[in-house]
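# Understanding the architecture of this molecule
This is what each chain is made of:
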Amino acid sequence: GAVVSQHPSRVICKSGTSVKIECRSLDFQATTMFWYRQFPKQSLMLMATSNEGSKATYEQGVEKDKFLINHASLTLSTLTVTSAHPEDSSFYICSASRLIGGELFFGEGSRLTVL
Amino acid sequence: AQSVTQPDIHITVSEGASLELRCNYSYGATPYLFWYVQSPGQGLQLLLKYFSGDTLVQGIKGFEAEFKRSQSSFNLRKPSVHWSDAAEYFCAVGAPHTGTASKLTFGTGTRLQVTL
């Protein structure tokens, strides 16, 4: 099946620094990628929809200046958490769709810890 | 907007016993329905999905789910649970009116514990 990979799987950073998380579709071109945030023992909350070559669409309540999303190619989307604070600590998961409206394939997730 | 309810936060079953995880949805028409499984610290793996047609859907790892329009439900079942099935299970809904099966709303999840 299709494979989506995230990197890094774990990252620890100091408060005030920025962290970049990559999401790659390894064996297909992803026209659309999605970024989710998952708090411990909770569900996935959609943060934004990323379309290749255009600006991301953010869900209500998600700060677009805080969570910068770039989808520069059909195989790579990045999420940058800017000026991270402890409350940004979470599990971030990406997913990719081969076709617009197609089945989702999920990455392994990236755990961010902000000290 | 669509919504998903998974009434059971935590379920414990014995290995070899049958399993049913409940999922109820709210949507004005027939939605796209999915079940995903998540192992600790991992991403999500699709177990099965329903778009249309036969309301009994077969998935991977011996799981099946039945879409019941009258009950707005899409419960996940497995006749005999294995210890390796212990994980978090998420039901998700996609809205056909958006033209995409990709933008999903997830339930809060059900954690399955399997005792030997």
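This section reports on the structure supplied with the text.

Each value, and the rule that gives it
Throughout this description, residue numbers start from 1 for each chain and increase along the sequence as written. Think of it this way: whatever chain is written first is A, whatever ligand is written first is 1, and the rest follow in order. In view of the model being predicted, local features appear only for residues whose pLDDT reaches at least 70, and side-chain atom pairs are presented and counted only at 80 or more, with totals across whole chains, interfaces and linings using the full set of residues. Derived side-chain values reflect all non-hydrogen atoms in the structure, with water molecules and hydrogen atoms excluded from consideration. In this description, a disulfide is simply a cysteine sulfur pair whose atoms lie within 2.5 Å. Going along the chain from the N terminus, every DSSP run of H or I of four or more residues is numbered as a helix, and every run of E of two or more is numbered as a strand. For the exposure calls, accessible area comes from a 1.4 Å probe over protein chains only, and a residue counts as buried if that area is under 20% of its type's maximum, exposed if over 50%, partly exposed in between. Strand pairing requires that DSSP identify at least two bridges connecting the strands. Two residues qualify as a contact provided that any one of their heavy atoms is within 4.5 Å of a heavy atom in the partner residue. Here the quantity called buried area is the total loss of accessible area, with a 1.4 Å probe, experienced by two parts when brought into contact, counted for both. Criterion for a salt bridge: a side-chain nitrogen of Lys or Arg within 4 Å of a carboxyl oxygen of Asp or Glu. Think of a polar contact as two N or O atoms within 3.5 Å of one another; within protein, one of them needs to be a possible hydrogen donor and the other a possible acceptor, and neighboring residues in sequence only count if both atoms come from side chains. Under the scheme applied here, ten amino acids are nonpolar (Ala, Val, Leu, Ile, Met, Phe, Trp, Tyr, Cys and Pro), four are charged (Asp, Glu, Lys and Arg), and all others, including Gly, are polar. Any two rings among Phe, Tyr and Trp, with Trp reduced to its six-membered ring, count as a pair given centres within 6.5 Å; such a pair is stacked if its planes are under 30 degrees apart, edge-to-face if over 60, and tilted if neither. Here, a charge over a ring means that NZ of Lys or CZ of Arg falls within 6 Å of the ring centre while also lying within 35 degrees of the ring normal.

For the rest of this paragraph, the subject is the state of the cysteines. Chemically, a disulfide is nothing more than a covalent bond linking the sulfur atoms of two cysteines. For the structure on display, the rule yields 2 disulfides over all chains. Bridging A:Cys23 to A:Cys94, the disulfide has an S-S length of 2.0 Å. Residues A:Cys23 and A:Cys94 share a disulfide whose torsion about the S-S bond is about 80 degrees; that sign makes it right-handed. With a gap of 71 residues between them, A:Cys23 in strand E3 (residues 19–25) and A:Cys94 in strand E9 (residues 90–97) connect regions that are remote in the sequence. Take A:Cys23: its relative accessible area is 0%, and that puts it in the buried class. Of the residues examined, A:Cys94 reaches a relative accessible area of 0% and is grouped as buried. Across the disulfide from B:Cys23 sits B:Cys91; the S-S distance is 1.9 Å.

Turning to the pairing of strand E11 (residues 110–114) of chain A, a few remarks are in order. Residues and elements named next belong to chain A. Residues of E11 alternate between two faces, with Ser110, Leu112 and Val114 buried on one and Arg111 and Thr113 left unburied on the opposite face. Pairing between strand E2 (residues 10–13) and E11: 4 bridges, direction parallel. The residue bridging cysteine 13 from the neighbouring strand is valine 114, located in E11. As defined by bridge partners, E9 adjoins E11 across 3 bridges and the pair is classed as antiparallel. Among the inter-strand pairings, serine 90 is bridged to a residue of E11, identified as leucine 112.

Contacts between chain A and chain B engage 19 residues on the former and 18 residues on the latter. Both sides together, the interface formed by chain A and chain B hides about 1500 Å², and carbon and sulfur atoms give 56% of it. Summed over the shared surface of chain A and chain B, the result is 0 salt bridges. Counting every contact that joins chain A to chain B gives 3 residue pairs in polar contact (both at pLDDT 80 or more). Listed by contribution, the elements that provide at least two residues to the side of chain A that touches chain B are strand E4 (32–38), strand E5 (44–51), E9 and strand E10 (104–106) of chain A. For the side of chain A that touches chain B, the per-class residue count stands at 9 nonpolar, 7 polar and 3 charged.

Okay, the packing of aromatic side chains next. How two aromatic rings sit relative to each other is set out by the distance from centre to centre and by the angle between their planes. Per the stated rule, a full pass over the model turns up 15 aromatic pairs over all chains. Aromatic pair A:Phe106 and B:Tyr36: ring centres 5.1 Å apart, planes at 75 degrees, arrangement edge-to-face. One end of the pair, A:Phe106, is in strand E10; the other, B:Tyr36, is in strand E5 (residues 32–38), on a second chain. In this structure A:Phe106 comes out as buried when scored by relative accessible area, which is 9%. Three or more aromatic residues link up through ring pairs in this structure, and these residues are A:Tyr36, A:Phe106, B:Tyr32, B:Phe34, B:Tyr36, B:Phe51, B:Phe90 and B:Phe106. The lysine or arginine in question, B:Lys49, covers the ring of B:Phe51, its NZ or CZ lying 5.6 Å from the ring centre.

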